[in-house]
Amino acid sequence: MSDLFNPTDEHRQLREMVRAFAEREVEVQAHEFDKKEAFNHALFLKLGELGLLGITVHPEFGGSGMDATAATIVHEELSAVDPGFTLAYLAHSMLFVNNLAVNGTPEQCARFLPRSCTGDLIGGMGMSEPGAGTDVLGMRTTAVRDGDHYVINGAKMWITNGCINDTELGDVFLIYARTGDHAADLSSFIIEKGTPGFSLGQRIKDKLGMRASPTAELVFEDCRVPAANRVGDEGKATLCMMRNLEIERVTLAAMSLGIARRCIEIMNAYASDRKAFGQPINRFGQIQRHIADSYGEFMAGRSYVYHTSNALRLESAGNRLDSDGVKLYCSTMAKNVADRAIQVLGGYGYVGEYTVERLWRDAKLLEIGGGTIEAHQKNMTRDLSRLPRIL
Amino acid sequence: MKILVTAKRVVDPDSKIQIADTQTSIELDDVDFRVNYFCENAIEAALELQDEHDAEVVVCSIGNEDAIQTIRTGLAMGGDRGILVEAEDEVLDGDLVARTLAKLYEQEKPDIFLLGKQAIDGDSNQVGQLLAEYLSLPQACFASNIDIIEDGAVARVEREVDGGIETIDVDLPCIITADLRLNEPRYASLPGIMKAKRKKIEEFELDDLELDTTLKVVTRSMELPAGRQAGVMVSDVDELVNKLKSEAKVL
């Protein structure tokens, strides 16, 4: 395997370990939890035992101290067998854990990270609202200072890990809220389950895909949060947000890679085996086009993702063009590859037993969640307009 | 207590195996490698003894320089240090492997030498037994359970034999080979992988060990098993019984 995808021996060992774990323990439950629309809490705790929940966190706070490429590898490998479960992993370990590790004070890290790295706490992040998604600065949730507290009012929507079952909130969240009149006056807060005024809104059911990751609306009504829970300076959360969006998008792109790889493996094996008109169907040009195009696009996306992750520094912003670019390219690539896999398998591809049906449903979410493809196009074009030459 | 344990690097059985043009070996490009399954059980057993008896676990492998990766896997699972004896597979047979491991025994003097009962590539199932013979040590092969008793003087080993379990006691030092049902090997956790980076691996060339390297077993040729023949549909029970009698001759 090329060094680009496993830059060090530790990365290679990590990939081998996660792949073995995924094939032995994640694959077997994927279909069932997708059908049940349920989060597999016991399996999530095993990720903690393997040191994956705090993959980018300093060992001082219970993490494994690895880099963006390590996180990319884990997401690719887990998503190849169960994207829904992987999305719950991403919301916890990237959106909450990594975000706090990068932006929190040592005191905040010490309070929340060790229990998050073991899985004793399940975390998530709240940015989107019922009326504000791509237009993130249009958010209306407010935080008003009142002595040693902030009073938070508003709602957050589409929050992965917002609940862990039909009735119970997740444990802890990073929530963005408005602290001033200017559009960019945003601050972020750590808000725990049990804080007065914080409750579970709608439990989002009947999703097309990613059904093994629980999604909910979070509601804040005069929710009083200690000022010590504010992450970063007041009004300066957009930088924290942007920093973390980069690793979020790269790992979401890695999830698309896992989906695409698995779909290619399945259609390749099927097309070698299945016969029509007296020969295996991979002898037919129409099928060859599905398989070869998919592989070429997958490897292009994979090279772009690892090229970007290898250059990504978790503590700084500045890779937005390519972190948007990898997700823009890979999400649609994986959706198309999954679609071709169904086409190659024909009727079998259309039913759950052959897995590509689930992967096709899961692939679609990645064109929407963590930034719609339209948001990536907007961001990238703006960044490119300041870049007259591409080096 | 000190435990020496083997970690053979083998072709992943899920890879598509092809015979090389020489017809005497496997094509090694484009296949994945992994730790021999039975060696994984041996390593897990060693690590459980490490926890219970504060043992030092030394992971050893004989193979080309890539075998260092299988040693690292053993260290990432929790082994303390490693030993690699560099040698290409073509210059080895089971007997030479046993005599090489005997040299490592002389050097390390472990209380227990744990091996997989066989490697899933060659399936020769003889290294543990030969090693015990060369070292004049007691052997307990195909272990499905290991208890150290009498203050570390004796290993009580359950062996899976035809029709049941045999329990034997062997004095330490001894040779034990692991069966699949001995345990469920742990994964190398991410912190384990990071720690393994800093663990020491000693490297030797096979020639350094001053062994007679003449092989007793030489591979002359390899061939794939014949493909299965297509089945036959029979129209009724009488025809089936008839065929079982006249063609299969099993009735």
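Just so you know, these numbers come straight off a predicted model, no measurement behind them. (Residues numbered from 1 in each chain as written. Chains lettered and ligands numbered in written order. Predicted model: local features only at pLDDT ≥ 70, side-chain atom pairs only at ≥ 80, totals over all residues. Heavy atoms only, no water.)

**Concerning the packing of aromatic side chains**
Under the definition given, this model contains ten aromatic pairs over all chains. The cationic tip of Arg302 of chain A hangs over the ring face of Phe5 of chain A; the distance from NZ or CZ to the ring centre is 4.4 Å. (Phe/Tyr/Trp six-rings, centres within 6.5 Å; stacked < 30°, edge-to-face > 60°. Lys NZ or Arg CZ within 6 Å of the ring centre and 35° of its normal.)

**Side note on the packing of helix H4 (residues 83-103) of chain A against helix H9 (residues 356-365) of chain A**
Residues and elements named next belong to chain A. Their axes nearest at 10 Å, the elements H4 and H9 cross at an angle of 30°. The segment H4 lies against H9, with Pro83, Gly84 and Leu87 engaging Arg358, Leu359, Asp362 and Leu365. Tallied by class, the residues present in the contact of H4 with H9 amount to four nonpolar, one polar and two charged. (Axes fitted to C-alpha atoms, helices over the stretch in contact; angles between N-to-C directions. Helix = DSSP H or I, 4+ residues; strand = E, 2+ residues; numbered from the N terminus. Contact = heavy atoms within 4.5 Å. Nonpolar A, V, L, I, M, F, W, Y, C, P; charged D, E, K, R; others polar.)

**Thoughts on the pattern of salt bridges**
All names here are of chain A. Considering all chains together, one arrives at 46 salt bridges over all chains under this definition. Glu76 is paired through a salt bridge with Arg261; the nearest N and O atoms lie 3.0 Å apart. Placement of Glu76 in helix H3 (residues 68-79) and of Arg261 in helix H6 (residues 237-273) is noted, with a sequence separation of 185 residues between them. Taken as a pair, Glu76 and Arg261 share a single burial class, namely buried. Taking the shortest distance from any N to any O, the salt bridge between Glu265 and Arg261 comes out at 3.7 Å. With Glu265 and Arg261 both in helix H6 and four residues apart, the pair spans about one turn of that helix. Look at Arg261 and you get buried, because its relative accessible area is 11%. Here the residues in one salt-bridge network are Arg15, Arg19, Glu76, Glu77, Arg261, Glu265 and Arg302, joined through shared partners. (Salt bridge = Lys/Arg side-chain N within 4 Å of Asp/Glu carboxyl O. Buried < 20%, exposed > 50% of the residue type's maximum accessible area, 1.4 Å probe, protein only.)

**Quick notes on unusual backbone geometry**
In this structure, the amide linkage connecting Leu172 of chain B to the following residue, Pro173 of chain B, adopts the cis form with an omega of -5°. Here Pro173 of chain B shows up in the loop between strand E9 (164-171) and strand E10 (174-178). Phi angles above zero are rare outside glycine, and Trp158 of chain A is one such case at about 65°. Mapped onto the secondary structure, Trp158 of chain A falls in strand E3 (residues 149-160). Here Trp158 of chain A falls in the exposed class, since its relative accessible area comes to 52%.

**Quick word on the packing of helix H8 (residues 320-345) of chain A against H9 of chain A**
Residue and element names in this part refer to chain A. Contact geometry of H8 with H9 gives a least axis separation of 9 Å together with a crossing angle of 155°. For the element pair H8 / H9, the angle class is roughly antiparallel. As for the relative orientation of H8 and H9, their crossing is left-handed in sense. Contacts from Ser331, Ala334, Lys335, Ala338, Asp339, Ala341, Ile342 and Leu345 in H8 reach Val356, Glu357, Leu359, Trp360, Ala363 and Lys364 in H9. (Parallel < 35°, antiparallel > 145°, perpendicular 65-115°, else oblique. Left-handed = near helix turned anticlockwise from the far one by under 90°.)

**Some remarks on the environment of Gly94 of chain B**
All names here are of chain B. For Gly94, the location among the structural elements is in helix H3 (residues 94-108). Exposure remark for Gly94: the relative accessible area of 17% places this residue in the buried category. Sequence-wise, Gly94 and Lys216 are 122 residues apart; in three dimensions their C-alpha atoms are separated by 8.7 Å. Not counting residues within four places of it along the chain, the set of residues in contact with Gly94 comprises Gln126, Val127 and Leu130.

**Some words on the side chain of Glu367 of chain A**
All names here are of chain A. Structurally, Glu367 is set in the loop between H9 and helix H10 (373-385). Taking the relative accessible area as the measure of exposure, Glu367 reaches 5% and is therefore buried. Engagement of the side chain of Glu367 in a polar contact is seen with the side chain of Lys335, the distance being 3.2 Å. Here Lys364 takes part through its side chain, which lies 2.7 Å from a polar atom of the side chain of Glu367. In this structure Glu367 touches Ser331, Thr332, Lys335, Thr372 and Ile373, once residues within four positions along its chain are discounted. (Polar contact = N/O pair within 3.5 Å; in protein donor to acceptor, adjacent residues only side chain to side chain.)

**A word on the domain arrangement of chain A**
Residue and element names in this part refer to chain A. When the domains of chain A are assigned, the result is domain 1 (9-122), domain 2 (124-231) and domain 3 (237-385). Measuring from the centre of the C-alpha atoms in domain 1 to the corresponding centre in domain 3 gives 20 Å. Contacts between the two partners involve 33 residues from domain 1, matched on the other side by 30 residues from domain 3. Buried area between domain 1 and domain 3, summed over both chains or domains, comes out near 2500 Å², and the portion from carbon and sulfur atoms is 55%. (Domains from an automatic or database assignment. Buried area = accessible area lost by both parts, 1.4 Å probe.)

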